[in-house]
Amino acid sequence: MNTLSRTITGIIAIILGLVIIMDGYTKPVILIYGIFFIIIGIVILFNKKEDDIEKIKTKGGEK
């Protein structure tokens, strides 16, 4: 996932989590889903290891 799509997806997940938390303020079960979406959004937003590309190792003359 490139930087732009990671940022957009993370922000949308965080906003969705906040909306669910605001809507589920009276229902404790729904709060869990809101917290879950916020955590997932933060992980997506700050995960930079996915952008690293591993170099392919070759054996002998094989490509």
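See the structure printed just above.
Now for a description of the structure that goes with this document.

Procedures and definitions
Residues numbered from 1 in each chain as written. Predicted model: local features only at pLDDT ≥ 70, side-chain atom pairs only at ≥ 80, totals over all residues. Heavy atoms only, no water. Helix = DSSP H or I, 4+ residues; strand = E, 2+ residues; numbered from the N terminus. Buried < 20%, exposed > 50% of the residue type's maximum accessible area, 1.4 Å probe, protein only. Contact = heavy atoms within 4.5 Å. Areas by Shrake-Rupley, 256 points an atom, 1.4 Å probe, with all protein chains shown as cover. Expected span 1.5 Å × (residues − 1). Patch = residues over 30% accessible without salt bridge, like charges linked within 9 Å, V, L, I, M, F, W, Y side chains within 5 Å. Salt bridge = Lys/Arg side-chain N within 4 Å of Asp/Glu carboxyl O. Polar contact = N/O pair within 3.5 Å; in protein donor to acceptor, adjacent residues only side chain to side chain. Arc of directions from axis to C-beta.

**Some details on the overall build of the chain**
Tallying secondary structure elements over the chain gives two helices and zero strands in all. Burial status across the chain gives 14% buried among its 63 residues. In the chain, once contacts between residues fewer than 6 apart in sequence are set aside, the share between residues at least 24 apart is 56%. Surface accessibility of the chain: about 5,600 Å² in total, with carbon and sulfur atoms responsible for 70%.

**Some remarks on helix α1 (residues 3-23)**
Its 21 residues place the ends of α1 30 Å apart at the C-alpha level, agreeing with the 30 Å of an ideal helix rising 1.5 Å per residue. Check the buried side of α1 and you find it contacts α2 (28-46).

**Considerations on a nonpolar patch on the surface**
Taken together, the side chains of L4, I8 and I12 define a hydrophobic patch exposed on the protein surface, amounting to about 310 Å² of accessible area. Looking at where I12 falls in the secondary structure, it is placed in helix α1.

**Some remarks on the side chain of R6**
Tracing the backbone through its elements, the reader meets R6 in helix α1. One polar contact links the side chain of R6 to the main-chain carbonyl oxygen of N47, over a distance of 3.3 Å.

**Digging into α2**
With 19 residues, α2 ought to run about 27 Å at 1.5 Å a step, and its terminal C-alpha atoms sit 28 Å apart, in line with that. Three or more residues of α2 are buried, namely G34, I38 and G41. An end-on view of α2 places all buried positions within 65 degrees of arc, on one side of the element. Residues P28, V29, I32 and Y33 are exposed on α2 and point more than 90 degrees away from its buried face. As for α2, its buried residues are in contact with α1.

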